[in-house]
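Observations on the model geometry
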Amino acid sequence: MKRVQYDRYGGPEKMYFGEYELPEIGENEVRVSVKAAAINPFDWKLRQGAMKLVTGRRFPKAMGTDFAGIVQATGSNVGNVSVGDEVFGTVDFKKSGAFAEEVVVEASHLAKKPPQLSFAEAASLPIAAMTAWVAIIDRAKARPGARIFINGCSGAVGAFAVQLAISRGAVVTGTCGPASRDHARAAGVDPLFDYSDSQAYARPGSYDAVFDTLGTLDVGRGFSMLNPGGVFVDINPTPVRLLRGMLSRRYKLAFATMGIKRLPEIAALAGSGTLRPAIGLEAPFTDALSVIADTETGRRTSGKTVLAF
Ligand SMILES: NC(=O)c1ccc[n+]([C@@H]2O[C@H](COP(=O)([O-])OP(=O)(O)OC[C@H]3O[C@@H](n4cnc5c(N)ncnc54)[C@H](OP(=O)(O)O)[C@@H]3O)[C@@H](O)[C@H]2O)c1
């Protein structure tokens, strides 16, 4: 079987198609034939070695995290899915390898695909929607009338964050680039600013939460935009941002992994239309190397880039 893998940490040139054999499934594991796999910034950050202290130095490493497909086999303890089910989920990032014809994954990292969603749409949910959930519901505590500012309301995480916040009755202000304006406005972001408009960040004491999806908003500036009980939510912690933020109880981190148990709830929200995945580009798996490289080096699409098998 074929997958995208690499033998050293580094840039896009390190990726290649490799042959692999799947391990036997454990009692809590499931084997899935992959129909679609979504590309996340996390995938190339892992390959670049951003988490090498955790991911270690055993190679080759397989790329890819989020996928949707059809269950081929289940371990003896698995109760949530059966052979033939259409599912979506995320592989453990320490073993990642969703850019592959088949994966073996913990059953707890899977949920049934809502029938209303295509495989591509379902594959685009896990990391982005779980991160948005942790940020908007757990950290920002979105509730009716809450005022939430989302810096980067048009990316995969940002768009799901807008949908979740509005579904909870919050009022969302946001920033995006010119190409994303129509989408963001249609999603209900109001007022909406361009990233470059300094007026966006010049509203002291206005928000119950500021969610920076991009990692570009100065943490101190974000704090100044908060009302006294407000929180700043970060998903791109760098040492500098961490240091700045950890000095304040108003600084909160959110990670996708914190939301893994929410996959069935995320499936239900997507099935009911509350979460609406947007696909920007669906490309064949055979083009994976160039498509991942182009996405990594800044190709913009209004929605997720997904590999189809
Ligand atoms: N902590 C976690 O667990 C976690 C989980 C998921 C993601 N993240 C991080 O959060 C960030 C956003 O992730 P995502 O999946 O939402 O990414 P994405 O879908 O690629 O969104 C990228 C966002 O960046 C904006 N952008 C501006 N200039 C850009 C450029 N030159 N190239 C690409 N994007 C540009 C886009 O805005 P416009 O379209 O309006 O230009 C868009 O809103 C990434 O840094 C990712 O690593 C962290």
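First things first, this report covers the structure right here in the doc. (Residues numbered from 1 in each chain as written. Predicted model: local features only at pLDDT ≥ 70, side-chain atom pairs only at ≥ 80, totals over all residues. Heavy atoms only, no water.)

1. Describing the overall build of the chain
Under the convention used in this document: Strands are runs of DSSP state E lasting at least two residues, helices are runs of H or I lasting at least four, and both sets are numbered from the N terminus onward. All radius of gyration figures rest on C-alpha atoms, and the globule criterion is 2.2 Å times the number of residues raised to 0.38. Only protein chains enter the accessibility calculation, which uses a 1.4 Å probe; a residue whose area is less than 20% of its type maximum is buried, one above 50% is exposed, and one in between is partly exposed. Contacts are assigned to residue pairs that have any heavy atoms within 4.5 Å of one another. In this description, accessible areas are obtained by the Shrake-Rupley approach with a 1.4 Å probe, and a residue is regarded as covered only by the protein chains that are shown.
Scanning the chain for helices and strands turns up 10 helices and 16 strands. Computed over the C-alpha atoms, the radius of gyration of the chain is 19 Å, within 12% of the 19 Å expected from 2.2 N^0.38 for a compact globule of 309 residues. Projected onto its principal axes, the C-alpha coordinates of the chain cover approximately 55 × 40 × 35 Å. Counting only residues that meet the buried cut, the chain has 53% of its 309 residues in that class. Nonlocal contacts in the chain, meaning residues at least 24 apart in sequence, comprise 65% of its contacts between residues at least 6 apart. Entry remark: accessible area of the chain is about 13,700 Å², with carbon and sulfur atoms responsible for 52%.

2. Structural notes on the site of the ligand
Applicable threshold: Nearness here has a simple test: a residue counts as near a molecule or strand if at least one of its heavy atoms is within 4 Å of that partner. For this analysis, a polar contact is any N or O atom pair within 3.5 Å, provided that within protein one partner can donate a hydrogen and the other can accept it, and provided that sequence-adjacent residues contribute only side-chain to side-chain pairs. An automatic or database domain assignment supplies the start and end points of every domain.
The environment of the ligand is formed by 20 residues, the closest being Lys45, Ser154, Gly177, Tyr195 and Arg300. Backbone polar atom of Gly155 to an oxygen atom of the ligand: 2.9 Å apart, as the coordinates give it. The residues that make up the shell around the ligand include at least three from each of domain 1 (2-125 + 277-308) and domain 2 (128-257).

3. Focus on the packing of aromatic side chains
What describes a pair of aromatic rings is the distance from one ring centre to the other and the angle between the planes of the rings. This is how the line gets drawn: Geometry of aromatic contacts follows a simple scheme: Phe, Tyr and Trp rings, the Trp one being its six-membered ring, pair when their centres are within 6.5 Å, and the pair is stacked under 30 degrees between planes, edge-to-face over 60, tilted otherwise. Charge-over-ring contacts are defined here by two conditions on Lys NZ or Arg CZ: a distance within 6 Å of the ring centre and an angle within 35 degrees of the ring normal.
One pass over the full model with this rule turns up 10 aromatic pairs. Geometrically, the ring pair formed by Tyr6 and Tyr9 is tilted, given 6.3 Å between the ring centres and 50 degrees between the ring planes. On the accessibility criterion, Tyr6 (3% relative accessible area) is buried. For Tyr9, a relative accessible area of 12% corresponds to the buried category. Lying over the aromatic face of Phe59, Lys61 brings its terminal NZ or CZ to 5.2 Å of the ring centre. The ring centre of Phe223 lies 4.9 Å from the NZ or CZ of Arg250, which sits over that ring.

4. Thoughts on unusual backbone geometry
The amide bond that connects Phe59 to the next residue, Pro60, takes the cis arrangement and shows omega of 0 degrees. In this fold, Pro60 is placed in the loop between α2 (52-55) and β4 (61-62). The step from Asp190 to Pro191 runs through a cis peptide bond, and the omega angle for that step is 5 degrees. Checked against the element boundaries, Pro191 lands in the loop between α6 (181-187) and β11 (192-194).

5. Let's talk about the sheet that holds β4
The condition is simple: Two strands make a pair as long as DSSP finds a minimum of two bridges between them. Each axis is a line fitted through C-alpha atoms, taken for helices only over the stretch in contact, and angles between the N-to-C directions span 0 to 180 degrees.
Spatially, the three strands line up as an open sheet ordered β2-β1-β4, and their pairing is antiparallel. Both outer strands of the open sheet, β2 (15-19) and β4, are each paired with one neighbouring strand and no more. The pairing of strand β1 (residues 2-6) with β2 spans five bridges and is classified as antiparallel. Paired with Arg3 across the strands is Gly18, a residue of β2. On the sheet, helix α10 (residues 288-296) packs against β1 and β2 and is oriented at approximately 150 degrees with respect to β2.

6. Some words on the side chain of Arg3
Here is the rule: Charge assignment: positive for Lys and Arg, negative for Asp and Glu; neither His nor the chain ends contribute. Within this document, salt bridges are pairs made up of a side-chain nitrogen of Lys or Arg and a carboxyl oxygen of Asp or Glu, the two lying within 4 Å of each other.
Within the secondary structure, Arg3 sits in strand β1. No salt bridge is formed by the buried Arg3, whose closest oppositely charged neighbour, Asp7, lies at an N-O distance of 7.5 Å. At a separation of 2.6 Å, a polar atom in the side chain of Arg3 contacts the side chain of Gln5.

7. What about the pairing of strand β10 (residues 171-176)?
Short version of the rule: A right-handed crossover is one whose linking path, passing over the helix from the first strand to the second, runs clockwise when the strands point away from the viewer.
Among the six residues that make up β10, five are buried, leaving the element largely enclosed by the rest of the structure. Taken together, the five bridges between strand β9 (residues 147-151) and β10 define a ladder with parallel strand orientation. Of the residues in β10, the one forming a bridge with Asn151 is Thr175. Considered for its hand, the β-α-β crossover made up of β9, helix α5 (residues 156-167) and β10 is right-handed. Considered for its hand, the β-α-β crossover made up of β10, α6 and β11 is right-handed.

8. Details of the sheet that holds strand β14 (residues 251-253)
Reading across the sheet, the six strands line up as β11-β10-β9-β12-β13-β14 and stay open at both edges, with parallel pairing between neighbours. Here the strands that pair on one side only, and so sit at the sheet edges, are β11 and β14. On average, each strand axis in the sheet is tilted by 20 degrees relative to the strand beside it, whichever way the strands run. Sheet topology places strand β12 (residues 207-212) next to strand β13 (residues 226-234); five bridges connect them, and they run parallel. The residue of β13 that forms the bridge with Tyr207 is Leu226. Relative to β13, helix α4 (residues 126-139) is tilted by about 160 degrees, and along the sheet it contacts β9, β12, β13 and β14. Of the strands in this sheet, β9, β10 and β12 touch α5, which is tilted by about 170 degrees from β9.

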